[in-house]
Structures are given as C-alpha cells and as structure tokens.
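Chain by chain, the residues run as shown.
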Amino acid sequence: MATILGQNQYGKAENRVVKITRDGDTHHIKDLNVSVALSGDMDDVHYSGSNANVLPTDTTKNTVYAFAKEHGIESAEQFGIHLARWFVNSQEPIQRARIRIEEYAWDRIATSDANSRFIGSDEVNHSFVRQGVETRVTQITYDGTNWEVVSGLKDLVVMNSTNSEFWGYVKDKYTTLKEAHDRILATQVSARWRFNWSDDEQRMPNWEKSYAETRKHMLQAFAETYSLSLQQTLYQMGSRIINHRSEIDEVRFSLPNKHHFLVDLEPFGLKNDNEVYFAADRPYGLIEATVLRDGVDARIPVDMTNL
C-alpha cells in the first residue's frame, strides 16, 4: 500500500533557561521553559534519511541560550518572536517556526528593616520566592510573513466564598444535586488569548503590560460578577478582557468547577451554617468556551491541552 508523508515538525522541547539581569545591586529574574518546533522542506530526511536540510535540535537548544544573552528576555512573547524570526529567516528549508514558552514567576523577598545589621548590606534586592502554581504561557508562530501570538496562563486558582448560586437546572430521575442559593465558586483557570498583531507593519503590543492588564481584568470580572453559573462568570471574564484590551480579539477558557460541598454536621449535634466544606478534587464539572470580538473568527483550538 502506497504511503505519503503528512504534516511534520521537529525541534528541541523544554529548554529551561533562567536569565538574571543585574541592575547594580538590584537583580531581576526571567525563568522560561522554551520549546522549538520547525517545519518546512523536510521530505528527504523522512524518505531517505538525508539530513541536508536539518538544523540539529541541539543547535536550536544552543540558540535559545545564546539569544538569552544576545537579546535578553524583555518578555516571553518578545523572546519567542526573536527566535521564530531567526529560524525562518536564517534557514532556507525552514518555512514555519512555532515557539512555545512557559514562564515561571518569582517574587522579590521583602527583608526586615534591620537587614543591614546582619548581612552588611543597605538593601537586599537579590532574593526571590517562587510564586505558586500559576504559569504564564505563550505560543508564537511565524511563516516568514505572518505572525500569530497566543498567550495566556494556566493553574490560576480563584475562589468566591459567596455571591454564587446554582438553581433552576434540568432535573430528571438521576438528579440528586440540591439547588444552591449561596455557594462557594472556585475554579482553576486555564486561559488563552489571541492578539490581533499579525505582521511587522503593525505596532507591536507592550507584551508585559498587556499580560498584567489582561490578568487584572480577568480577576476583577471573576470577583465582581454575581454568579448564577460558572458559564456566566466565564463570559463576563472574557468580555471584560475583549472590551478593555484592544490588542486582543479572542479569549478561550477551560474552567474546572472546584466543587465545595457542605459537610453534614448534624450527627454531631452541630449546625453547619455555610461554614465547613469538603473540597472535592474529582470528578469535577468542566466549563469551556470562547469569547470573541464581534466579527472575528475563532482560531484558538477548542482543545487547549497542548497549547
């Protein structure tokens, strides 16, 4: 039976690079996990094993580290753009580059006012603590002409301890869930947003400011929405981003409902007045949706597992 080669790509995945920027005694950290995927004229290496068009994956790894020194890391997006442009423009067989980056955040450790007594320094600006499980992510794709930048975050855990209800839903013979008029609403946010910046003629967004502002609007919408369903909250989060950030056209969320159930304390002669809950990790409701600027087509994949 005859066969032909389909879509293919190669590169070095999960290159961990930590860049320390020393501004006098004040240091700054960028901690990235960078994955490179290249595609183009790669038929021969698959059919005959000829490596004539193959840039070694080890070279792509070295490029990541060299670029951290040569270009610095202003933002995950800007760093990915430098890499994608280089691979496509410097290697004729390479027609498309996809750069995926996870960024791990660090907070500066606040020290006591009297720290100089103990360490002989007027101020400590080089000590950090790794933030929780939230991870910033971005994917940059470049084909020599057009750019696509999709950024976002994952594992951001949020909770409203009140101002959430769930009632009026469909009930059948298998329904046991009781209606709730005051419940905990908690979720672990996975979100991706697509920028409308697509070519070098356009003004490039301020990536760091955009991320901070997008995250802020998303969290404010979560906190300020009196929720009758997690779907309603999701839509408000996406709408707030679209309405406040002109550089973003599309947002997709995957929100697992982190269920909290009231514990029955009556066997112990105690009344549970919405105070003590059991936090269930599974199974969980999974709410997913895309929010778009009017007139824009959706391009973020429905399954964000590998995005």
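Residues numbered from 1 in each chain as written. Predicted model: local features only at pLDDT ≥ 70, side-chain atom pairs only at ≥ 80, totals over all residues. Heavy atoms only, no water.

Asker: Residues and numbers for a negative patch on the surface, please.
Answerer: On the surface, a cluster of negative charge is contributed by D41, D43, D44 and E92. Following the sequence through the fold, D44 ends up in helix α1 (residues 43-47). (Patch = residues over 30% accessible without salt bridge, like charges linked within 9 Å, V, L, I, M, F, W, Y side chains within 5 Å. Areas by Shrake-Rupley, 256 points an atom, 1.4 Å probe, with all protein chains shown as cover. Salt bridge = Lys/Arg side-chain N within 4 Å of Asp/Glu carboxyl O. Lys, Arg positive; Asp, Glu negative; His and termini not counted. Charge placed at Lys NZ, Arg CZ, Asp CG, Glu CD. Helix = DSSP H or I, 4+ residues; strand = E, 2+ residues; numbered from the N terminus.)

Asker: Lay out a nonpolar patch on the surface in plain terms, naming residues and giving numbers.
Answerer: On the surface, W167, Y226 and L228 cluster together to form a nonpolar patch covering roughly 320 Å² of accessible area. Its location among the elements puts Y226 in the loop between α5 (207-224) and α6 (230-244). Y226 gets classed as partly exposed once you look at its relative accessible area, which sits at 41%. (Buried < 20%, exposed > 50% of the residue type's maximum accessible area, 1.4 Å probe, protein only.)

Asker: Provide a residue-level description of the pairing of strand β2 (residues 26-40), including the pertinent values.
Answerer: In regular strands, side chains alternate between the two faces of the sheet. Counting buried positions along β2 yields 11 of 15 residues, so the element is predominantly enclosed. In this sheet, β2 lies alongside strand β1 (residues 15-23) in antiparallel orientation, the contact comprising nine bridges. Within β2, the residue paired with R22 across the bridge is H27. Across 10 bridges, the pairing between β2 and strand β3 (residues 94-104) is antiparallel. (Pairing = 2+ DSSP bridges.)

Asker: So, unusual backbone geometry: which residues are in play, and what are the values?
Answerer: Here the bond from R282 into P283 is cis, since omega is -5°, no more than 30 degrees from zero. Despite not being glycine, E14 shows a phi value in the positive range, around 55°. Position of E14 relative to the elements: it lies in the segment before β1. Residue class for E14 comes out exposed when judged on its relative accessible area of 57%.

Asker: Any details on helix α3 (residues 76-90)? Residues and values, ideally.
Answerer: Taking 1.5 Å as the rise per residue, α3 with 15 residues should run 21 Å; its terminal C-alpha atoms sit 21 Å apart, in good agreement. Its buried side turned inward, α3 meets β2, α2 (57-70), β3, β6 (135-142), β7 (147-160) and α5. (Expected span 1.5 Å × (residues − 1). Contact = heavy atoms within 4.5 Å.)

Asker: Give a description of α2 that names residues and reports values.
Answerer: The end-to-end C-alpha distance of α2, which contains 14 residues, comes to 20 Å, matching closely the 20 Å that a straight helix rising 1.5 Å per residue would cover. Buried residues of α2: T60, T63, V64, F67 and A68, and no others. Take α2 and look down its axis: the buried residues cluster within an arc of 135°, on one side only. Exposed and oriented more than 90 degrees from the buried face of α2 are K69 and E70. (Arc of directions from axis to C-beta.)

Asker: Before we move on, can you summarise the side chain of T233 with the specific residues and values?
Answerer: Residue position: T233 is located in helix α6. Look at T233 and you get buried, because its relative accessible area is 0%. When near neighbours in sequence (up to four residues on either side) are disregarded, T233 contacts L185, F222, T225 and S227.

Asker: So what's going on with the nonpolar core? Which residues, and what values?
Answerer: Grouped together as the largest cluster of nonpolar side chains are 52 residues, with contacts concentrated most on V34, F79, I99, V189, M218 and F253. Examining the composition of this core, we find that seven residues originate from one element, α3, more than from any other. Setting aside residues no more than four positions away along its own chain, M218 makes contact with L153, L156, V189, A191, M237, I241 and F253. (Core = buried A, V, L, I, M, F, W, Y, C linked by side-chain atoms within 4.5 Å.)

Asker: So what's going on with the packing of aromatic side chains? Residues and values would help.
Answerer: Tallying each qualifying case throughout the model produces seven aromatic pairs. Taken together, a centroid distance of 5.9 Å and an interplanar angle of 80° make the contact between W197 and W207 edge-to-face. Taken together, the positions of W197 in the loop between β8 (185-195) and α5 and W207 in helix α5 put the pair 10 residues apart, joining distant regions of the chain. Comparing W197 with W207, the two get one shared label, buried. One aromatic cluster is present, built from ring pairs that chain together Y142, W147, F195, W197 and W207. Across from the ring centre of Y211, 4.2 Å away, lies the NZ or CZ of R136, which sits over that ring. (Phe/Tyr/Trp six-rings, centres within 6.5 Å; stacked < 30°, edge-to-face > 60°. Lys NZ or Arg CZ within 6 Å of the ring centre and 35° of its normal.)

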